[in-house]
Amino acid sequence: MRFFQFVTVFILVASSKFIGNVKSEFSDLGWLNIQLFHALQGDDFTLRGNITVTNLNTGSLNINQEPLNENEKLALKSLAENNKLYRLKATIVGSDGQKYTYLTSSRACSLVRSQLLDTIWISVDHAGFVLGVSQTIPSSRKGDECGKISASDLDALEEFNTDVYVKHIEVAPVPDTATFIQKMEMERQARERGDLKDNRGFFAKYWMYIVPVAILVLISGVTNPENQQGGGGAR
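Residues numbered from 1 in each chain as written. Predicted model: local features only at pLDDT ≥ 70, side-chain atom pairs only at ≥ 80, totals over all residues. Heavy atoms only, no water.

Grouped together as the largest cluster of nonpolar side chains are 35 residues, with contacts concentrated most on Leu 32, Ile 34, Leu 76, Tyr 86, Ile 122 and Val 130. Where this core is concerned, the elements lending two or more residues are strand E1 (32-41), strand E2 (44-55), helix H2 (70-81), strand E4 (85-94), helix H3 (108-113), strand E6 (117-124), strand E7 (130-136) and strand E8 (161-168). Ignoring anything within four residues of it in the chain, the contact list for Ile 34 reads Gly 49, Asn 50, Ile 51, Ala 90, Thr 91, Ile 92 and Ile 122. (Core = buried A, V, L, I, M, F, W, Y, C linked by side-chain atoms within 4.5 Å. Buried < 20%, exposed > 50% of the residue type's maximum accessible area, 1.4 Å probe, protein only. Helix = DSSP H or I, 4+ residues; strand = E, 2+ residues; numbered from the N terminus. Contact = heavy atoms within 4.5 Å.)

Of all residues in the protein chain, 75% have pLDDT values of 70 or greater, and the mean over the chain is 78. Mean pLDDT values for the elements of the protein chain range from 42 in helix H1 (residues 2-27) up to 94 in E1. Overall, residues 1-27 carries pLDDT values under 50, and its contacts beyond four positions in sequence, including any with other chains, amount to four contacts. (pLDDT = per-residue confidence, 0-100.)

Spatially, three strands are ordered E7-E6-E8 in an open sheet, and the strand pairing comes out mixed. Each edge of the open sheet is held by one strand with a lone partner, namely E7 and E8. Averaged over all pairs of adjacent strands, the angle between strand axes in this sheet comes to 15°, irrespective of strand direction. Bridging between E6 and E8 involves eight bridges; their strand directions are parallel. Bridge pairing links Asp 118 to Thr 162 in E8. (Pairing = 2+ DSSP bridges. Axes fitted to C-alpha atoms, helices over the stretch in contact; angles between N-to-C directions.)

Here you go:
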C-alpha cells in the first residue's frame, strides 16, 4: 500500500514540474526591438521611430516616434495628393540576435485624413518567431479622396498616434499522413505473408459483387412490368 502511495506522489510531483516547465517555456517568448522607417521621397527610407516589445506573451511594449519636420510634411502631402502609397519598413531584432525586415504599405491619403492615426500589427507564431508586420489605418469622416490638402490639414500632421498589437497565430493541426501510410504498408505486407486474417462478415467481404446484382434485378423488374403481368394472366 505504501509503495502505491509513493508511486502516486512521485507521479504528481513529476507532472507538476513538467507542467511548470511547459508554462515557463511558453510564457517567456523573448523580446523584440523594431525600428520603423518610412519612404516619403522615392526609395529613401528615413527613421520614423522605435518599438520595444518587452514580453511577446503579454504584448507589453514601449514606442517612441519622431515628429514630422516641415519637409516630411510636404513630402507626405505630395504622396497623398498624387494618390500614392505610404511605405513602411520594419527592421526587427529578436532575443536570438537574428535580424528580419518586413515591408508594408497603405494609401498616403488615408494616413493624412486620419491625421497620422494608424495601427501596427506584429504577427508571431507559438515560438515567438515574427511572421509579419502590417499597418492598418482607420477610415476618415472626410473620405479617402485628398485632392488639395489645406494648410490646416497640413499643420495637423505633427506626430504619429500609433497603436501596436502583438497577434499570436494559432497553428492548425496537421494530419499524420506518414503514420497512416506506414500502417497501410504494414497491413499490406502482413496480408501478403498471410499473417493478417480477414475477420469481416460475408456481406462486408463481397458487397461490391452483391450490390450490382441487386441493382440489376431491381432495374429489370421496373423496366418489364408488362411481362410480369402477362405471365400472371396466363396462369
